[in-house]
Amino acid sequence: HPNGFLVGFDGRDVYFSESYRPHAWPPEYVLSTEYPIVGFGIYGTTVVVLTEGFPSRATGVTPASMAMKDSPVAEPCMTRHGIQSMPEGVYFPGANGLMLINATGMVNASAAQLTKDEWQLQYFPANIDSAQWQGFYVAFTSQTEGFIFSPRESMAGFTEMTRIWHQDGI
């Protein structure tokens, strides 16, 4: 966390360490979610807790002041490997598309380019393995196929990509 404390999870519980004391995890700093946690990302001083049900946001500047609020919309995170913290918020593969959670709420960032059926049939959200690269959300859905999403370039949107494998693995 930008304010010097670590964040971890187990099951439905989110744990916060003391600031600048990674060995100290007081039990009074534990917050719980209704659904099992898949993973999380951070933007600003907010920890986005992604679950198998409703995403949550834990906000605060110290571990003792963290407070959690659930999203009013259920959008399960399909895989922790697809979660990316980026300048505009936290992206994750949801059941309905590539989702973005930030200070203004949760939006389907891919809705302008893809329907829910296209998202699920072409991009296999449960298989996404992603990275952030120069402001792009880069994801592979298999060993040879994936996509690049550009949040800042509306004309680019989703760009499909393919890895070419040679016999020698290069």
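Residues numbered from 1 in each chain as written. Predicted model: local features only at pLDDT ≥ 70, side-chain atom pairs only at ≥ 80, totals over all residues. Heavy atoms only, no water.

Draft legend 1. Quick look at the packing of aromatic side chains. All chains considered together, the criterion is met by 14 aromatic pairs. Relative to Phe147, the ring of Tyr123 lies with its centre 5.1 Å away and its plane at 80 degrees, an arrangement referred to as edge-to-face. Placement of Tyr123 in helix α1 (residues 116-123) and of Phe147 in strand β14 (residues 145-149) is noted, with a sequence separation of 24 residues between them. Phe147 matches Tyr123 in its accessibility class, with the two residues each being buried. A centroid spacing of 5.3 Å and a plane angle of 50 degrees characterise the contact between Phe149 and Phe158, whose relative ring orientation is tilted. The same class applies to Phe149 as to Phe158, namely buried. Taken together, the aromatic side chains of Tyr91, Trp119, Tyr123, Tyr137, Phe147, Phe149 and Phe158 make up a single cluster linked through ring pairs. (Phe/Tyr/Trp six-rings, centres within 6.5 Å; stacked < 30°, edge-to-face > 60°. Helix = DSSP H or I, 4+ residues; strand = E, 2+ residues; numbered from the N terminus. Buried < 20%, exposed > 50% of the residue type's maximum accessible area, 1.4 Å probe, protein only.)

Draft legend 2. Spatial organisation of the sheet that holds β14. Taken together, the 4 strands give an open sheet; going across it, the order is β12-β13-β14-β15, and neighbouring strands pair in antiparallel fashion. The sheet terminates laterally at β12 (129-133) and β15 (158-162), the two strands that pair on one side only. Pairwise comparison of adjacent strand axes, ignoring direction, gives a mean angle of 25 degrees for this sheet. The sheet contact formed by β12 and strand β13 (residues 136-140) spans 5 bridges and is antiparallel. Counterpart to Asp129 in the pairing with β13 is Phe140. Sitting on the sheet, α1 is in contact with β14 and β15, with an inclination near 15 degrees to β15. (Pairing = 2+ DSSP bridges. Axes fitted to C-alpha atoms, helices over the stretch in contact; angles between N-to-C directions. Contact = heavy atoms within 4.5 Å.)

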